[in-house]
Amino acid sequence: MSGRTSASSVESLSLSSNPAGWSVGVLEYWSTTLYPACPQRTAVASPELGMERAMKSPLRVLYLEDDPRDAELVQETLAADGIESEIVRVETESEFVLALKQGGFELVLADYTLPSFDGLSALEIVQKDWPELPLIFVSGTLGEELAIEALKKGATDYVFKTRLSRIVPSVQRALREAGERSDLIRAQEALLQSEAYLAEAQRISHIGSFGWDVASGRIYWSQETYRIFDLDPASEPALEFVLDRTHPDDRAMVQQLIDRVSNEKTDFDFEHRLLLPNGSVRYVRVAGRPAKAKSGNLEFMGLVSDITERKLGEEALQKAQAELAHVTRVSTLGELTASIAHEINQPLAAIVGNANAGLRWLSKESPDLDETRDAIRRIIRDGNRAGDVISRMRALFKKAPMTRERFDLNDAIEDVVALTQGEAQRNRVLVRTRLGGDVPLILGDRVQLQQVVLNLLINAIEAMSAMNKGRRELLVSTEKMTDTKAAASASNSYMAESAYVLVAVRDSGPGLHSDSLNQLFTAFYTTKPKGLGMGLAVSRSIIEAHEGRLEAISNDGPGATFQFTLPVLRR
């Protein structure tokens, strides 16, 4: 291929300069020892570049040279080693810059001195605007000081025109280093892009990452973790800061967990609160696992999730559920107005009767003090009876957030049964109880669980009130179960030998239609003419909040059974 002058160029690959301070003597040793001269046209093509180039398009070279014969000689020397090339020769600065702008070049060769331009100026132009292109000086006038200056400024190499055979290994090295540099740049760009994607994903998901070297105590945070903890990224995080930023009520728990995982070297996953400098509270979930760092130290890698929105949503949902539960509870008690009035009127009437009897015993000429004492005792008894009814009503009417406490479930159920006794009698329903004597204490909200039992009892009584035939019987039972398959929860906080307590309300009413079983617990679904359709939906939400399960079952005989399970506390 001829050494004709044309105009075309390409931005290519970056290069690495030689270390400063190399003398011409060192460079000469390099050129004569590491790259000995090869006879022209008899050399074998480089396995890394020559044979590869033979299968590719010609190497495009921009050559700053005022002598066409030198350009042709370089092209022939490259061809002798199997490197086909297309050389675009330019002589002036304007031609040089124009060719670079047009692009397409993989290599720049430059004479050191030209009539109107010089090689160092050309190197500065390349380094400034096309740093990817390797540049090799090909000159016969390059001295030691100039060679050092050229290499310091970023030239890839230099070749003496008197030792032109060195052009082949010099070009091979320049292209190899440019390719390696290009691969490195692409890898760095890919890494930066990956890090940018990860940072953006963490920002969107509100999930940060961290590393914790247990031995040194050093902590490494991602940008999102800095944001979650409201710490300046220029600051270095530390365990003291983490504990200081932790909510005071959670600080002891977090400290205990840090001590445990650092000693036991186990996975961890927990939630706690942060108290930020502006007084706001942020909920976070922290999870991590141990790993061995390159240094050999134990290191924990993990994630920090900002779950504030989820927690606030859960609190709002719990508040709404509590409001709804209160409404349905009041609605249910409203339906019991007649029964409640009957329950209160009975002891009140007895109190009045006993008071009149006592007055009569005292008004006799010889007052009968024994009979009077008995009348007063009956007044006290009936007064307490009326007070118990009112207390049950107040407990069920009160509006308060869910509170968990240990209580006797059987006692709570007996209070509800007593409250509905008048309604059951009015509808000619026989209510029986079979409460297990070995039922352990339950952890939960007594009032809310009483509301569930109240809803189930009223529903059963109303279902049987429309019956014209058959016995109207209602059985309320409790028992401790050991079948873990039906357990409400498999958490370690519950007893393995007694997984749950089963509470059942069984009636002898008309039963349930198969097509309605799947809708019974759906909000606003009701079979009552004036029903709201919220009682069973709220009851299920209450039981599920207690980690239990509420279900309806058709009896083998008449009627249906509504039952729920509650987990049992570990003793």
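Report on the accompanying structure. (Residues numbered from 1 in each chain as written. Predicted model: local features only at pLDDT ≥ 70, side-chain atom pairs only at ≥ 80, totals over all residues. Heavy atoms only, no water.)

### Points about the overall build of the protein
No. 1: A tally of helices and strands in the protein yields 17 helices and 17 strands.
No. 2: Residue burial in the protein is summarised as follows: out of 571 residues, 43% are buried.
No. 3: Of the contacts formed within the protein by residues at least 6 apart in sequence, a portion of 71% connects residues at least 24 apart.
No. 4: Carbon together with sulfur atoms contributes 53% to the accessible area of the protein, which is approximately 30,200 Å² in total. (Helix = DSSP H or I, 4+ residues; strand = E, 2+ residues; numbered from the N terminus. Buried < 20%, exposed > 50% of the residue type's maximum accessible area, 1.4 Å probe, protein only. Contact = heavy atoms within 4.5 Å. Areas by Shrake-Rupley, 256 points an atom, 1.4 Å probe, with all protein chains shown as cover.)

### What about unusual backbone geometry?
No. 1: Unusually for a residue other than glycine, Lys265 sits at a positive phi of about 55 degrees.
No. 2: Locating Lys265 in the fold gives a position in the loop between helix H10 (248-264) and strand S8 (268-275).
No. 3: On the basis of relative accessibility, which here comes to 46%, the residue Lys265 falls in the partly exposed class.
No. 4: We note that Glu547 has phi near 65 degrees; this positive angle belongs to a residue other than glycine.
No. 5: The topology assignment puts Glu547 in the loop between helix H17 (535-545) and strand S16 (549-554).
No. 6: Exposure remark for Glu547: the relative accessible area of 37% places this residue in the partly exposed category.

### Points about the packing of helix H4 (residues 93-102) against helix H5 (residues 119-129)
No. 1: Contact pair H4 / H5: the axes reach a minimum separation of 11 Å and the direction vectors enclose 25 degrees. Our classification of the angle between H4 and H5 gives roughly parallel. The crossing of H4 and H5 is right-handed. Facing Glu93, Phe96, Val97 and Leu100 of H4, the residues of H5 in contact are Ala122, Ile125 and Val126. (Axes fitted to C-alpha atoms, helices over the stretch in contact; angles between N-to-C directions. Parallel < 35°, antiparallel > 145°, perpendicular 65-115°, else oblique. Left-handed = near helix turned anticlockwise from the far one by under 90°.)

### Thoughts on the pairing of strand S15 (residues 500-507)
No. 1: Of all the eight residues making up S15, seven are buried; the element is thus mostly covered by neighbouring parts of the structure.
No. 2: By the bridge criterion, eight bridges tie strand S14 (residues 473-481) to S15 in an arrangement that is antiparallel. Residue pairing for S15: Val476 is matched across the bridge by Val505.
No. 3: Pairing of S15 with strand S17 (residues 560-567), which is carried by seven bridges, proceeds in the antiparallel orientation. Within S17, the position partnered with Arg506 by the bridge is Thr561. (Pairing = 2+ DSSP bridges.)

### What to know about the sheet that holds strand S12 (residues 430-435)
No. 1: Across the sheet, which stays open at both edges, the five strands sit in the order S12-S14-S15-S17-S16 with mixed pairing between neighbours. Both outer strands of the open sheet, S12 and S16, are each paired with one neighbouring strand and no more. The sheet shows a mean angle of 15 degrees between the axes of neighbouring strands, taken without regard to direction.
No. 2: Running at roughly 175 degrees to S12, helix H14 (residues 409-419) makes contact with S12, S14, S15 and S17 of the sheet.
No. 3: Where helix H16 (residues 446-465) meets the sheet, its contacts fall on S14, S15, S16 and S17, and the angle it forms with S14 comes to roughly 145 degrees.

### Observations concerning the sheet that holds strand S10 (residues 298-306)
No. 1: Within the open sheet, the five strands sit side by side as S7-S6-S10-S9-S8. Their pairing is antiparallel. Lying at the two open borders of the sheet, with one neighbouring strand each, are strand S7 (219-221) and S8. In this sheet, neighbouring strand axes are inclined to one another by 25 degrees on average, regardless of whether the strands run parallel or antiparallel.
No. 2: Where strand S9 (residues 281-292) and S10 come together, nine bridges link them in antiparallel fashion. By the bridge assignment for S10, Ala287 is matched with Leu303.
No. 3: Running over the sheet, H10 touches strand S6 (207-213), S8 and S10 and is turned about 150 degrees from S8.

### Quick look at H4
No. 1: Of the positions making up H4, those classed as buried are Phe96, Ala99 and Leu100. When H4 is viewed along its axis, its buried side chains cluster within an angular range of 100 degrees and face the same direction. More than 90 degrees from the buried face of H4, the exposed residues found are Ser94 and Lys101.
No. 2: Packing partners of the buried residues in H4 comprise strand S1 (59-64), strand S2 (85-90), strand S3 (107-110) and H5.
No. 3: Following H4 by one or two positions, Gly103 has its phi on the positive side, about 80 degrees. (Arc of directions from axis to C-beta.)

### Notes on the pattern of salt bridges
No. 1: Considering all chains together, one arrives at 25 salt bridges under this definition.
No. 2: Put simply, Arg89 and Glu91 hold a salt bridge, and the shortest N to O gap is 2.7 Å.
No. 3: You can call Glu91 partly exposed: its relative accessible area is 31%.
No. 4: Residues Glu551 and Arg549 are paired through a salt bridge, measuring 3.7 Å at the closest nitrogen-oxygen approach. (Salt bridge = Lys/Arg side-chain N within 4 Å of Asp/Glu carboxyl O.)

### Side note on the packing of H14 against H16
No. 1: Where H14 contacts H16, the axes come no closer than 9 Å and their chain directions differ by 45 degrees. The pairing of H14 with H16 is recorded here as oblique in orientation. The two elements H14 and H16 meet at a crossing, and its hand is right-handed. Contacts between H14 and H16 involve Asp411, Ala412, Ile413, Asp415, Val416 and Val417 from the first element and Arg446, Gln450, Val453, Leu454 and Leu457 from the second.
No. 2: Here the residues of the contact of H14 with H16 are counted per class, giving seven nonpolar, one polar and three charged. (Nonpolar A, V, L, I, M, F, W, Y, C, P; charged D, E, K, R; others polar.)

### A closer look at the nonpolar core
Soluble globular proteins: nonpolar side chains tend toward being buried together.
No. 1: Ranked by internal contacts, the top residues of the largest apolar core, which has 37 residues, are Leu409, Leu456, Leu457, Leu474 and Phe564.
No. 2: Mapped by element, the contributors of at least two residues to this core are H14, H16, S14, S15, H17, S16 and S17.
No. 3: Per-element accounting of this core gives the leading share, ten residues, to H16.
No. 4: Among all residues touching Phe564, those that are not within four sequence positions of it are Val452, Val453, Leu456, Val501, Leu502, Val503, Ile543, Arg549 and Leu550.
No. 5: Within the second largest apolar cluster, 26 residues are counted, among which are Ala110, Leu114, Ala122 and Ala155. (Core = buried A, V, L, I, M, F, W, Y, C linked by side-chain atoms within 4.5 Å.)

### What to know about the side chain of Arg282
No. 1: Residue placement: Arg282 occurs in strand S9.
No. 2: Other than its neighbours up to four places away in sequence, Arg282 contacts Arg227, Ile228, Phe229, His272, Arg273, Leu274, Leu276, Asp306 and Thr308.

### Concerning the environment of Asp118
No. 1: Structurally, the position occupied by Asp118 is in the loop between S3 and H5.
No. 2: Spatially, the C-alpha atoms of Asp118 and Glu65 are 9.8 Å apart, while their sequence positions differ by 53 residues.
No. 3: Not counting chain neighbours up to four residues away, the residues in contact with Asp118 comprise Leu64 and Tyr112.
No. 4: Separated by 3.2 Å, the side chain of Asp118 and the backbone nitrogen of Leu120 make a polar contact.
No. 5: At 2.8 Å, the side chain of Asp118 and the side chain of Ser121 are in polar contact. (Polar contact = N/O pair within 3.5 Å; in protein donor to acceptor, adjacent residues only side chain to side chain.)

### Overview of H10
No. 1: With 17 residues, H10 ought to run about 24 Å at 1.5 Å a step, and its terminal C-alpha atoms sit 25 Å apart, in line with that.
No. 2: Considered for burial, the residues of H10 that qualify are Asp250, Val254, Leu257, Ile258, Val261 and Ser262. Looking down the long axis of H10, one finds its buried residues gathered within 120 degrees of arc, a one-sided arrangement. Seen from the buried face of H10, the exposed residues on the opposite side, beyond 90 degrees, are Ala252, Gln256 and Asn263. (Expected span 1.5 Å × (residues − 1).)

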